[in-house]
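Analysis of the macromolecular model
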Amino acid sequence: MKIAAIRVHQVDLPVTEGRYAWSEGKYVEVFDSTVVEIETDDGRVGLGEVCPLGPFYLPAFGPGARAGIGELAPHLIGQDPSELGRINAIMDASLLGHPYAKSPLDMACWDLLGQAAGMPVCTLMGGRHGEAVVLYRAISQQAPDAMAENVAGYRAEGYTRFQLKVGGEAREDIARIRAVAAVLDAGEVLVADANTGWLLPDAARVVNAVKDLDVYIEQPCKSYEKCLAVRRRTALPFILDENIDGLDMLLRAHGDRAMDAINLKISKVGGLTKARQIRDLCVALGIPMTIEDSWGGDIITAAIAHLAHSTPEPFRFTATDFNSYVTVANASGAPQRQQGTMRASDRPGLGVTANHDVLGAPVAVYPA
Ligand code: MG
């Protein structure tokens, strides 16, 4: 099996609720997603997707993903997509950094490996743990009362875990956390995710003001050092996300006892191959994970499901069904949320089929 062609599609993903807002006033109404189709000489097509959370979340943006794929694709033509280690070595030798551009190509190769093996990706990644993966629902940043009011609707959809978007003005964030905590039922989980939005004094005020609550604090400040300083002055359970961008940072943070859990995003670390490596190390080190991506549609949701479902349950803090956050389906066969959970497909590969009505004509084809 050899890679014969790589087609790149740009897809707009409008947000079902109209807008998704998080720290420091950032918001997106239509996400810019990139879908790759890798076609092989024996007629298979593998799918991958990358969708940055706008251009100002991680060092990643939609046109950058497509430019990066353009740089990488010529090096992959003629290669065997089932040799994931080689594929990643070739990508890393061809382009330094830019993990998010490599992610959809790696994802599509996993899809092809699964198709060729006749097995779902989750089987190839270690096997299916448990019946289904428990999801969280991100609560877009609004006024405290509005965020608390949204909980009932999400609960009715089956969600039991909620990630509150904070990272705004400290006094208002304290009110947000208290308002949502007050409406939670027993057994529900609350995470306050500042997405790097607080300066150290703000973070200190918030963690002190909510220390009586059962709440996780996620990525309070921009730098790792500042997050570590917050971590050392709060007893609340602590999650690192944006700073954990690879194995080096995971090992450093683990050595510093800098977090209780991490948020593992597929494109942040360069694809499923590297995400699996980090996942396996987290399991070995005893670190639970939120398993997800920066954003995405059906293809990314399928990839998340395979990575999460193949993760032992105690280490699966939660995961995300991004396809339920957007109005457009870029593929069929992706997991659909049921009672706040999703399960990886039993079909070979990722188990998804491109929706060409939505993908439209490719914006680039390699070889040209
Ligand atoms: Mg986060």
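Residues numbered from 1 in each chain as written. Predicted model: local features only at pLDDT ≥ 70, side-chain atom pairs only at ≥ 80, totals over all residues. Heavy atoms only, no water.

1. Description of helix H11 (residues 272-285)
- The first and last C-alpha atoms of H11 sit 19 Å apart over 14 residues, in line with the 20 Å expected at 1.5 Å per residue.
- Listing the buried residues of H11 in full gives Leu272, Thr273, Ala275, Ile278, Arg279 and Cys282.
- Just downstream of H11, glycine 286 is the residue with a positive phi angle, here 85°. (Helix = DSSP H or I, 4+ residues; strand = E, 2+ residues; numbered from the N terminus. Expected span 1.5 Å × (residues − 1). Buried < 20%, exposed > 50% of the residue type's maximum accessible area, 1.4 Å probe, protein only.)

2. As for the domain arrangement of the protein
- By the assigned domains, the protein splits into domain 1 (3-118 + 355-366) and domain 2 (123-353).
- Taking only C-alpha atoms into account, the centre of domain 1 sits 22 Å from that of domain 2.
- Across the boundary between the two partners, domain 1 contributes 43 residues, which contact 51 residues of domain 2.
- The contact between domain 1 and domain 2 buries some 3700 Å² in all, and 61% of this surface belongs to carbon and sulfur atoms.
- On inspection of domain 1 and its partner domain 2, the count reaches three salt bridges. (Domains from an automatic or database assignment. Contact = heavy atoms within 4.5 Å. Buried area = accessible area lost by both parts, 1.4 Å probe. Salt bridge = Lys/Arg side-chain N within 4 Å of Asp/Glu carboxyl O.)

3. Observations regarding the pattern of salt bridges
- Enumeration over the complete set of coordinates arrives at 28 salt bridges.
- In this structure, the salt-bridge partner of aspartate 185 is arginine 155, at a minimum N-O distance of 3.3 Å. On the criterion of sequence distance, the pair formed by aspartate 185 in the loop between helix H6 (170-183) and strand E9 (189-193) and arginine 155 in helix H5 (residues 144-156) is long-range, its members being 30 residues apart.
- Judged by its relative accessible area of 41%, aspartate 185 falls in the partly exposed class.
- Note on arginine 155: relative accessible area 26%, which makes it partly exposed.

4. Details of helix H8 (residues 224-231)
- Residues Tyr224, Cys227, Leu228, Val230 and Arg231 constitute the buried set of H8. Relative to the axis of H8, the buried residues are bounded by an arc of 160° and lie together on one face.
- Check the buried side of H8 and you find it contacts helix H7 (200-209), strand E11 (238-240) and helix H9 (247-255). (Arc of directions from axis to C-beta.)

5. Here we look at the side chain of glutamine 79
- You can see glutamine 79 is positioned in the loop between helix H1 (62-76) and helix H2 (84-94).
- Under the relative-accessibility criterion, glutamine 79 is labelled buried at 19%.
- Here glutamine 79 is in contact with Met1, Lys2, Ile3, Arg86, Ile87 and Ile90, once residues within four sequence places are set aside.

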